[in-house]
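Now for the letters of each chain:
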Amino acid sequence: MGLGVLQALIIMSNLVLSDLKTANKDTIEQIYILNQDLTPMVGSLDNSNELKGLIDMSSDSFYLEKKSEIVAFIVCFRENSIYKSQNYIHFNKKYGRFLYIDRVGIKKKHDNKGIGTYLYEHIFNISDENELPICAEVNIEPKNEISLRFHQKMGFKETSERTINSNYKVKYVEKNAR
């Protein structure tokens, strides 16, 4: 076993995955701060109550802790949600059943340590159990090169692009589309 694989196993063995829907107010606040630290690559929110509303509407939302420190989160939606995101609505019109990844945040000091892959593998399991395509968008204006490469590595296919406004353009990506 190579040193890189061993390091990845050690990192993953120290992670605790928890359901954001049952998180306390302090945890929601910490996730909100992380979300805001990652803008514009993750959509900005007005306050932690807005984040709590997204989590409540979501179908699947999780966070990861390492030694009691929140290191990452993911918020996903199923079809027919009341969520008003233009990107979500794009997929809701396209598919009768799907799993939409709305936002993913990983603390910068934990980048490139397998945490994103760990979160996505969990989402892939949900997708596989329910035979759902997974849909997401990646910013191309402003460009999020790291996310573009990550989604390609994880098996997502680029399907189209959309200009939201003069400062915001996205690439739609999908996995397991039938």
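Criteria and thresholds
- Residues numbered from 1 in each chain as written.
- Predicted model: local features only at pLDDT ≥ 70, side-chain atom pairs only at ≥ 80, totals over all residues.
- Heavy atoms only, no water.
- Helix = DSSP H or I, 4+ residues; strand = E, 2+ residues; numbered from the N terminus.
- Rg over C-alpha atoms; globule rule 2.2 N^0.38 Å.
- Buried < 20%, exposed > 50% of the residue type's maximum accessible area, 1.4 Å probe, protein only.
- Phe/Tyr/Trp six-rings, centres within 6.5 Å; stacked < 30°, edge-to-face > 60°.
- Salt bridge = Lys/Arg side-chain N within 4 Å of Asp/Glu carboxyl O.

K.L.:
Any chance you could explain the overall build of the protein here in plain terms?
P.N.:
For the protein, the count of helices and strands is 6 helices and 7 strands. What you see in the protein, going N to C, is helices and strands ordered as α-β-α-α-β-β-α-β-α-β-α-β-β. Against the 2.2 N^0.38 benchmark of 16 Å for 178 residues, the protein shows a C-alpha radius of gyration of 16 Å, consistent with a compact globule. In terms of principal-axis extent, the alpha carbons of the protein reach across some 40 × 40 × 35 Å. A total of 178 residues make up the protein; the buried ones form 46% of that total.

K.L.:
What am I meant to see in the packing of aromatic side chains here?
P.N.:
Any pair of aromatic rings gets described here by the distance separating the centres and the angle formed by the planes. Applying the stated criterion across every chain, the model contains 12 aromatic pairs. When the ring of Phe 91 is compared with that of Tyr 100, the centres are 5.8 Å apart and the planes differ by 40 degrees; the resulting orientation is tilted. For the pair formed by Phe 91 and Tyr 100, the shared burial category is buried. A connected cluster of aromatic rings, assembled from ring pairs, spans Phe 77, Tyr 83, Tyr 88, Phe 91, Tyr 95, Phe 98, Tyr 100 and Tyr 172.

K.L.:
Help me understand the pattern of salt bridges in this model?
P.N.:
Pairs can form between side chains of opposite charge once their charged atoms are near each other. Enumeration over the complete set of coordinates arrives at 11 salt bridges. One salt bridge connects Glu 145 with Lys 143, and the closest N-O pair in it is separated by 3.3 Å. Ionic pairing is found between Arg 149 and Glu 145, a salt bridge with its closest N-O pair at 3.9 Å. Taken together, the residues Arg 149 and Glu 145, both in helix α6 (residues 145-153) and 4 residues apart, mark about one turn of the helix.

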